[in-house]
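Here are the chains, one letter per residue:
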Amino acid sequence: MWREEATGERLAAVFLLGLALFSPLVLRLFDRGPETVLAGIPLLYVYVFGAWGLLIGLLAWAMRSRPAVPPPREPPPLDFSV
């Protein structure tokens, strides 16, 4: 169930994830030098842009708005006239 008031909590979680992903300790794990490449791209660049894309996707998910739920329809009144 989607709670609109939880948007701030989701944004805080994405912020903390961004802090962890871009901390120097984690970046150092992927900084293997220019000889370590993935599909011809240095591994550090793949990691940085991948983590960046992940954060953008998570921000879009956290900020999306849900359409308002229409009120339930009332049944038509019963007509007993003949």
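Shown above is the structure to which this text applies.
Everything numeric in this text was worked out from a predicted model, so none of it was measured.

Caption draft 1: Expanded view of unusual backbone geometry. In this structure, Ala39 is a non-glycine residue whose phi angle is positive, near 60°. On the secondary structure map, Ala39 appears in the loop between strand E1 (37–38) and strand E2 (41–42).

Caption draft 2: Representation of the environment of Leu54 within the structure. Relative to the helices and strands, Leu54 is located in helix H3 (residues 43–63). Residue Leu54 is classed as partly exposed on the basis of its relative accessible area of 44%. Along the backbone, Leu54 and Gly18 are 36 residues apart, and their C-alpha atoms lie at a distance of 9.3 Å. Residues contacting Leu54, with those up to four places away along its chain left out, are Leu17 and Leu21.

Caption draft 3: Geometry of the packing of helix H1 (residues 7–21) against H3. Across the interface, H1 lies against H3 with an axial gap of 9 Å and an inter-helix angle of 175°. Judged by the angle between their axes, H1 and H3 are roughly antiparallel. Judged by residue contacts, Thr7, Arg10, Leu11, Val14, Leu17, Gly18 and Leu21 of H1 engage Tyr47, Ala51, Leu54, Leu55, Leu58, Leu59, Trp61, Ala62 and Met63 from H3. Taken together, the residues that form the contact of H1 with H3 break down as 13 nonpolar, two polar and one charged.

Caption draft 4: How the structure looks around the packing of aromatic side chains. Scanning all chains against the criterion turns up two aromatic pairs. Both rings, one in Phe30 and one in Tyr47, keep their centres 4.0 Å apart while their planes meet at 5°; by these two values the pair is stacked. Linking Phe30 in helix H2 (residues 24–30) with Tyr47 in helix H3, this pair joins segments that are 17 residues apart in sequence. Between Arg10 and the ring centre of Trp61, over which it is positioned, the NZ or CZ distance is 5.5 Å.

Reading guide: rules and limits
Residue numbers restart at each chain and count upward from 1, following the sequence in its written direction. In keeping with the predicted nature of the model, local features appear solely for residues at pLDDT of at least 70, side-chain atom pairs appear and are counted solely at 80 or more, and the whole-chain, interface and lining totals rest on all residues. No hydrogens and no water enter the side-chain calculation; it runs on all heavy atoms of the structure. Helix numbering and strand numbering both begin at the N terminus, where a helix is a DSSP run of H or I of at least 4 residues and a strand a DSSP run of E of at least 2. Each residue gets one of three labels from its accessible area relative to the maximum for its type: buried under 20%, exposed over 50%, partly exposed in between, using a 1.4 Å probe on protein chains only. Residues are treated as being in contact if the distance between any of their heavy atoms lies within 4.5 Å. To obtain an axis, a line is fitted to C-alpha atoms, over the contacting stretch when the element is a helix, and the angle between two such axes runs from 0 to 180 degrees between their N-to-C directions. Orientation is classified from the angle alone, with under 35 degrees giving roughly parallel, over 145 giving roughly antiparallel, 65 to 115 giving roughly perpendicular, and any other angle giving oblique. For this classification, Asp, Glu, Lys and Arg are treated as charged, while Ala, Val, Leu, Ile, Met, Phe, Trp, Tyr, Cys and Pro are nonpolar and the rest, including Gly, are polar. Centres within 6.5 Å make a pair out of two Phe, Tyr or Trp rings, where for Trp the six-membered ring is used; the pair is then stacked when the planes are under 30 degrees apart, edge-to-face when over 60, and tilted otherwise. Should the NZ of a Lys or the CZ of an Arg lie within 6 Å of a ring centre and within 35 degrees of the ring normal, that charge is described as sitting over the ring.

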